[in-house]
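# Overview (structure and organization)
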Amino acid sequence: YEAPNMQNKKCGKATWTVIFEDSVDKDALHSLKPLQSPPPPPSFKVVQRKQRIVCLILDVSGSMEGSRILQQQQAATHFLRNIIEDQARVGIVALSTFASTLSPLTTIDSDTARENLIKSLPKVASGLTKMCLGLSQGLQDSGDAFGYEIIFLTDGEATDNIAGCAPSAIQSGAIIHTLCSLLLNAVYYSMQKCAMLKTSNQLMDAFASLTLSTGDYINEPVQLESVGARTSDWFNGTVSVDQTVGNKTSFVIIYEISFPSVYIQSPSGSVYTQTNMSHDVSQKTVTLNIPGTTEPGDWKYSIQTTILQALTLTVTSQAAQADVPPITVKTHMNQQFSDGTKPMIVFAEVSQSYRPVINADVWATLEDPSFTGADAFQDDGIYFRYFIKMVNGRSSLKVRVKNQDGQTRFAVVSLISILVQLNHPKPPVFEEPLDVGNFTRTDIGESFEVKLSGTAPPNFPPNRITDLSAVIQEDTVLLNWTAPGEDLDQGTAKSYEIRWSFDLKMLRFNFSNGYSVNTTAVSPQKARSVEQHSFNLNITIQNGTTLFFAVQSEDKQNAKSETSNIAQASKILPGPKPSGISNPDMNLTGLVISLCVVTMLIYLMSALIVNPNNKISSQLIKTIISLIFILFNFLI
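Calculation criteria
- Residues numbered from 1 in each chain as written.
- Predicted model: local features only at pLDDT ≥ 70, side-chain atom pairs only at ≥ 80, totals over all residues.
- Heavy atoms only, no water.
- Helix = DSSP H or I, 4+ residues; strand = E, 2+ residues; numbered from the N terminus.
- Buried < 20%, exposed > 50% of the residue type's maximum accessible area, 1.4 Å probe, protein only.
- Contact = heavy atoms within 4.5 Å.
- Disulfide = S-S within 2.5 Å.
- Pairing = 2+ DSSP bridges.
- Core = buried A, V, L, I, M, F, W, Y, C linked by side-chain atoms within 4.5 Å.
- pLDDT = per-residue confidence, 0-100.
- Axes fitted to C-alpha atoms, helices over the stretch in contact; angles between N-to-C directions.

## Points about the overall build of the chain
Summing up its helical and strand segments, the chain has 11 helices and 34 strands in all. Counting across all 636 residues of the chain, residues that qualify as buried make up 46%. Within the chain, residue pairs in contact and separated by at least 24 positions form 74% of the contacts whose partners lie at least 6 positions apart.

Written as structure tokens, this is what we have:
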């Protein structure tokens, strides 16, 4: 228990306990029997990813008419122009009453190939929504479907039995990304409308997240920013371009009604206007492609409109250098289903080639509340937020990470009906942290479904303190920790209870039996603030004493948090300097001086013995005696 490892600090339970009592396999583990013979030798299979093949199955039924078909076209154009990597093969299938191939599989080997695919995108919507026909056509175009990707975008209102054809599509080995409609466990969840399609950049974010890493980070796009606003005035902001990205940087502005005035300023002051941008009137899209390598620093954008309309900005880039991986963010939810009794937790892994980006603050906005948070395990670059205000339906999370002046901002925004399945294991943590400048990243997280029981949501207690530290200075104890919230990490707790003990196990398993510390003068601060408290114990702390400390917090409903990690501190006073032992450096100096003195005396005596009649000048003798006197004084 005393070992200062992460298991003891974060879990508070032994590894054996976690495996056999808390594991999902705990029942099976108890019935395991030792092997009667040695296990078979392991076998290894080396695999290499094949060429990426993607089919866009796009809904062009009557319910997609109007703004939906336009937004689908805008997002698919962004995917084909800025997201899908070179040398991938892409096909396009349209589904309505019938399914048709708009473009066969085409290799992305030039900008011309990309633009030809964009020209093939559907622009007119009519007919029924025959999803099974679309799925069948897409799989047919692929040939061998194993590893083949399907991006299935629909309004979610099927007119055929999708549950009947979904299992065979899933069993084909194809990777199916579904936007709005939900092909999960061969069950189709019908939706009355697709709220996700209300804004363009939500759908563009979904397309931008559909990337599968090949390990070739040089050609993989990185989404720096994705923001939107509905305004009749100015829409301003800043995008931080760090030194890890800069190639093929594009600013894509989408407007709802009329062409706005767009100004983009580089860090050095160069201003780009509409004359430097391409304008697609039919798609209501303005694009600025920065030539060469983008200048690192803060890029400012100012978009002006004189009428009330929706405006969105999406910024993507690629690695600036072949030997410098870009900073990336990946998101993960702790559960896919919730009844409201447990909080959802979204994790964001901020890294550069699996090396953590640390020393970051985390910020989130969800509906009205604003709150802050930090990394789950210090210095591993993985940040988390609790998500406790939920409504019925299926949603996913958009994560925005921004680093300004050494602090990373992490935003969680609720989206509707996007299913992007990720399954990333937590990477190894390297010891050397990265020193990064300002940067901006966005990512779409996994989807989750909420089915509330109708009863009032539970009162969540303050979250557990995991970074308590203690120091003893003379007879004063100094404690530091990060403040929890009223509900998990949101709000402000009501009070703290601090206890200490000479026995670590007693404090861990029987917190209330520890010695209490007077905390009447301690007022909890807002969640994620740094708490510091010093106090004197009612005992004299002897030299060599080790004490253990723990904290619990309480909310206004008197719900208590779990006991914090156990912090230990020892009082170690320096002992008296042993007598008879001098400075070793002085000993060496004295030895050298002694040798010099002895050498001079030997020289003087030798001169007299060898030639007693030799008359040595009195001045020389005086000089030698003076030197000997000075050396002895220095030695003393």
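## Some words on the state of the cysteines
Among covalent bonds in proteins, the disulfide is the one between the sulfur atoms of two cysteines. Applying the stated rule across the entire model yields one disulfide. Through a disulfide, C132 is tied to C165; the S-S separation comes to 2.1 Å. Disulfide C132-C165: the torsion about the S-S bond is -85°, which places it as left-handed. Of this pair, C132 sits in helix 6 (residues 131-142) while C165 sits in helix 7 (residues 162-171); the two residues are 33 residues apart in sequence, bridging distant segments of the chain. For the pair C132 and C165, one class covers both residues: buried.

## Brief notes about the pairing of strand 5 (residues 175-179)
Across the five residues of strand 5, four count as buried, placing the element largely inside the fold. Pairing of strand 4 (residues 149-153) with strand 5 involves five bridges; the strand directions are parallel. Of the residues in strand 5, the one forming a bridge with I151 is H177.

## What about the nonpolar core?
Of all hydrophobic cores here, the largest spans 32 residues; its most connected members are L56, F79, L80, I151 and F207. Put simply, the parts of the chain that give this core at least two residues each are strand 1 (53-59), helix 4 (67-83), strand 2 (89-95), helix 5 (111-119), strand 4, helix 8 (200-208) and strand 10 (245-255). Here the element with the most residues in this core is helix 4; it accounts for six residues. Ignoring anything within four residues of it in the chain, the contact list for L80 reads L56, V90, I92, R114, L117, I118 and L121.

## Concerning the confidence of the model for the chain
In this model, the chain carries an average pLDDT of 76, and 71% of its residues clear a pLDDT of 70 or more. When the criterion is pLDDT under 50, residues 361-380 qualifies, and its contacts beyond four places in sequence or with other chains add up to 74 contacts. Predicted confidence is poor over residues 405-434, with pLDDT under 50, and the contacts of this stretch with residues over four places away or in other chains come to 104 contacts.

## Section: the sheet that holds strand 9 (residues 234-241)
Sheet architecture is open: four strands sit in the order 9-15-11-12, paired in antiparallel fashion. Each of the sheet's edge strands pairs with one partner strand only, and the pair in question is strand 9 and strand 12 (271-272). Of the pairings in the sheet, the one linking strand 11 (residues 261-265) to strand 15 (residues 297-304) comprises five bridges and is antiparallel in character. Within the sheet, the bridge partner assigned to S261 lies in strand 15 and is Q304.

## Overview of unusual backbone geometry
One non-glycine residue, K248, lies in positive phi territory at about 50°. The phi dihedral of L488 is positive, around 55°, even though this residue is not glycine. The buried category is assigned to L488, whose relative accessible area is 8%.

## Quick look at the sheet that holds strand 30 (residues 495-501)
Overall, antiparallel pairing links the four strands, which are arranged 31-30-33-34 in an open sheet. Of all the strands in the sheet, the pair left with one neighbour each is strand 31 (515-517) and strand 34 (567-570). Ignoring strand direction, the axes of neighbouring strands in this sheet form an average angle of 30°. When strand 30 meets strand 31, the two strands line up antiparallel, connected through three bridges. Along strand 31, the bridge assignment pairs I498 with V517.

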